[in-house]
Amino acid sequence: MGSRASSLLREEDIEEIKKETGFSHSQITRLYSRFHSLDKGENGALSREDFQRIPELAINPLGDRIINAFFPEGEDQVNFRGFMRTLAHFRPVEDNEKNKDPNSGEPLNSRNNKLLFAFRLYDLDRDDKISRDELLQVLRMMVGVNISDEQLGSIADRTIQEADTNGDMSISFSEFIKVLEKVDVEQKMSIRFLH
Amino acid sequence: IRRMEDVWPMLRMAFVVLVLLIMLPAMFGLSLGITEAYMKILIKTLEWATLKIQKNSEEKKTLKPSSSNGLIQRDDSSLEKEIVELRRNRPRPVEGGDFALSDVFYFSRRGVESIMEDEVTHRFSSEELASWNLLTRTNNNFHYISLRLTILWGVGVCIRYGILLPLRVTLAAIGISWLVVGTTGVGFLPSCRLKDWLSELVHVMCYRICARGLSATIHYHNRENKPKKGGICVANHTSPIDVVILANDGGYAMVGQVHGGLMGVIQRAMVRACPHIWFERAEMKDRHLVTKRLRDHVNDKNKLPILIFPEGTCINNTSVMMFKKGSFEIGGTIYPVAIKYDPQFGDAFWNSGKYNMVSYLLRMMTSWAIVCNVWYLPPMTQQEGEDAVQFANRVKSAIAHQGGLVDLSWDGGLKRAKVKDTFRQEQQKIYSHMLVRDDSSD
């Protein structure tokens, strides 16, 4: 009499995900249950429709952009590893982690990677630059019909003007980081687990 | 030397005797204590099983994550508060709208939180149990524990499918046939007090037999608040069995759609004995027609209280979802009722997407038992200056509070339909106000 949902997730997989994302064993099994319950097609992968079925996400103005962050370029299915990798960006940064293995590369939930997640919400065509047009589109998603094109345009212009240091009328990732250097990214882009 | 041929009639005899012993007292509202004895044995067995499982998980030090607790910390801070905090260390621009690149952090965090855990999607599937109750269907997170437990489970299967199921199916069949025959018979009488009394008797008897057919143990609380004639009874909805549970304690006028087949036969028979309200499918679209028919029924103080489930669909009994305002526009006194099932003995929730009616009833009849609490709440009426939606929410809160259920504003219709755009538009509106203030003073 084995269990159903978690028997599809092997111990080796859990260990690998633990190493890659830093989630604990119990957090991974809980999130696997969640993944499984979202996977209505029961094919081991989530589609965009599976995400859109979450009402709280469907009413989020940036819902579609967030969903998009889970799917690599050109794909429309995400497996559990990919799911966890994206969720890992929102893991809180713990102090004892900062001195871990220097060869393992930057952890997925570092300040930099959290900022990268936010940057990619704006960067619609994934060319590592936020153009005026992209900024306008994202702004439009957030405000709906409540602000006119002209006003939105001037907001976009001012934002780019403030951030753009090399004069190419777009915001690169390093310019993005510079603008947000005083923001408490670690706290604002983290989700705390209850156990 | 007993041969199979001799044993079989004896078994049949025992079966018939058992059915009669359960059924006849039930019809008259008495009890021989068979079901009570069964429940006692069941509880003891489940307690033993739970202890075994707990001991085992302690020994193996397997931390079974308790699914009844939340996964992540969620604070309900508002959009405005959080975005203001995000912008804290930045000088506010002189003109041209107040936008910061960091605004997007709020939406992304909220979005990912809802991906990890949300309040709505899990209400449409069965509640997870904290400890196994020896039914395979609830065995989602439990591993093999011990041989003894497995044997007990095996014995349980034999008992449930071999003894309980035939017994229950027989009782249910008797109950329903009695309903059809009895109500048709009563229908021949002219309208008079005797007819009403007999009709109630027939209905209640049938529901009592059906309740025995599910090994249902129902605890009624605050019976002084029981719905009276000319009133409207509203309750939270978990399964079609809710009707049997409530009607065991009194007569109600049912409201529903006309069905074909066996359901149709039952409906037509019932309505001969006393007025129920059945709508054709086309009629249900016309809200005014529906409201008028209900209002006419309610205004006749001789008619039984109508029974309505304002959620409109079955929810998994951990929460109460939005009450549709239609029932609260009829006028008349509302008698709220809270129904809470004990999931330890059997999961009563009907996941209509996953199981059809027949498989659902089969699952019900092969569970251990149905145990539930019914609370009658004091009657409520619409107050001055309160519109139907506010009234509905007030009643919903009262029911949720009494039943220990989570009070949600989400629409039960989200089980199948997409969420309305208006909610997203609300958020966009609030955010827009933060970007561009309408007034120039600041």
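If you're wondering where the values come from, they're calculated on a predicted model, not measured in any experiment. (Residues numbered from 1 in each chain as written. Chains lettered and ligands numbered in written order. Predicted model: local features only at pLDDT ≥ 70, side-chain atom pairs only at ≥ 80, totals over all residues. Heavy atoms only, no water.)

**Student:** What is the right way to read the confidence of the model for chain B from this model?
**Tutor:** For any part of a model where pLDDT is low, the fine detail of the predicted coordinates should not be relied upon. Here chain B averages 83 in pLDDT, while 91% of its residues score no lower than 70. Scored as a complex, the prediction yields pTM 0.81 and ipTM 0.91. (pLDDT = per-residue confidence, 0-100.)

**Student:** What is the right way to read helix α8 (residues 132-143) of chain A from this model?
**Tutor:** One turn of an α-helix holds 3.6 residues; hence residues three or four places apart share an orientation. In a regular helix each residue adds 1.5 Å, so 12 residues correspond to 16 Å; α8(A) covers 16 Å between its end C-alpha atoms and thus fits that length. Elements in contact with the buried residues of α8(A): α7 (111-122), β3 (129-130) and α9 (149-163) of chain A together with α4 (103-116) and α13 (421-435) of chain B. Positive phi shows up at G144(A), right after α8(A), with a value of about 65°. (Helix = DSSP H or I, 4+ residues; strand = E, 2+ residues; numbered from the N terminus. Expected span 1.5 Å × (residues − 1). Contact = heavy atoms within 4.5 Å.)

**Student:** What is the right way to read the side chain of N236(B) from this model?
**Tutor:** All names here are of chain B. Along the chain, the position of N236 falls in the loop between β2 (232-235) and α7 (241-247). At a separation of 2.9 Å, a polar atom in the side chain of N236 contacts the main-chain amide nitrogen of I339. Excluding its chain neighbours within four sequence positions, the residues that come into contact with N236 are D242, F309, E311, N317, V320, V337, A338, I339, I399 and L405. (Polar contact = N/O pair within 3.5 Å; in protein donor to acceptor, adjacent residues only side chain to side chain.)

**Student:** Whenever I open this one, the nonpolar core confuses me. Can you help?
**Tutor:** Nonpolar side chains in soluble globular proteins tend to be buried together. Counting residues in each nonpolar core, the largest one holds 71 residues, and the members touching the most others are F51(A), F83(A), L87(A), F176(A), F99(B) and F105(B). At 7 residues, the largest contribution of residues to this core is made by α4(B). For F99(B), the contacting residues outside a window of four places in its chain are Y122(A), L135(A), L139(A), M142(A), I155(A), R158(A), T159(A), R87(B), R90(B), Y431(B) and L435(B). The next biggest cluster of nonpolar side chains, apart from the first, holds 39 residues, and it includes A172(B), F309(B), Y341(B) and I370(B). (Core = buried A, V, L, I, M, F, W, Y, C linked by side-chain atoms within 4.5 Å. Buried < 20%, exposed > 50% of the residue type's maximum accessible area, 1.4 Å probe, protein only.)

**Student:** Looking at this model, I keep getting lost on the UniProt feature "transmembrane region" (unreviewed entry) in chain B. Mind explaining?
**Tutor:** Following the UniProt record, one finds the feature "transmembrane region" (unreviewed entry) at residues 13-34, 145-163 and 169-189 of chain B. Taken end to end, residues 169-189 of chain B is 90% helix and 0% strand, and its two terminal C-alpha atoms sit 31 Å from one another. (UniProt positions renumbered as here; feature names shortened; annotations may be inferred.)

**Student:** I tried to follow the UniProt feature "domain: EF-hand" (unreviewed entry) in chain A on my own but got confused; where do I start?
**Tutor:** Residues and elements named next belong to chain A. As annotated by UniProt and renumbered to match this structure, "domain: EF-hand" (unreviewed entry) occupies residues 26-61, 110-145 and 151-186. Taken end to end, residues 26-61 is 61% helix and 6% strand, and its first and last C-alpha atoms sit 31 Å apart. Counted over residues 110-145, helix gives 67% and strand 6%. Its end C-alpha atoms are 35 Å apart.

**Student:** What am I meant to see in unusual backbone geometry here?
**Tutor:** Residues and elements named next belong to chain A. In the Ramachandran plot, D128 falls in the positive-phi region, its phi being about 65° despite a non-glycine side chain. Note that D128 resides in the loop between α7 and β3. Phi at M169 is positive, roughly 60°, even though this residue is not glycine. Along the chain, M169 turns up in the loop between α9 and β4 (171-172).

**Student:** Help me understand the packing of aromatic side chains, please; the structure alone is not making it clear to me.
**Tutor:** Each pair of aromatic rings is reported with the distance of its centres and the angle of its planes. All names here are of chain B. Using the criterion set out here, one finds 22 aromatic pairs over all chains in the structure. Aromatic pair Y220 and Y376: ring centres 6.1 Å apart, planes at 10°, arrangement stacked. A residue pair is termed long-range when its members are at least 10 positions apart, and Y220 in strand β1 (residues 216-221) and Y376 in strand β8 (residues 370-376) qualify at 156 residues. In this structure Y220 comes out as partly exposed when scored by relative accessible area, which is 22%. (Phe/Tyr/Trp six-rings, centres within 6.5 Å; stacked < 30°, edge-to-face > 60°.)

**Student:** I tried to follow helix α1 (residues 11-21) of chain A on my own but got confused; where do I start?
**Tutor:** All names here are of chain A. Those residues of α1 lying buried are D13, I14, I17 and T21. The buried residues of α1 all sit within an arc of 100° when viewed along its axis, so they share a single face. Buried residues along α1 sit against α2 (25-38) and α6 (80-87). Positive backbone phi, approximately 90°, marks G22, located one or two places after α1. (Arc of directions from axis to C-beta.)

**Student:** Explain empty space enclosed by the protein here, please?
**Tutor:** One simple way to see leftover space: roll a probe sized like a water molecule over the atoms. Residues and elements named next belong to chain B. Applying the stated rule across the entire model yields 3 cavities of 30 Å³ or more. Of the volumes computed, that of the largest cavity is approximately 90 Å³. Forming the walls of the largest cavity are 12 residues, and the residues nearest its centre are E127, P343, G346, D347 and A348. The residue inventory of the lining of the largest cavity, partitioned by class, reads 5 nonpolar, 5 polar and 2 charged. (1 Å grid on protein atoms, 1.4 Å probe; cavity = no way out; pocket = protein on both sides within 12 Å on 5 of 7 lines; lining within 4 Å. Points joined across faces, edges and corners; volume = space filled by probe spheres on them. Nonpolar A, V, L, I, M, F, W, Y, C, P; charged D, E, K, R; others polar.)

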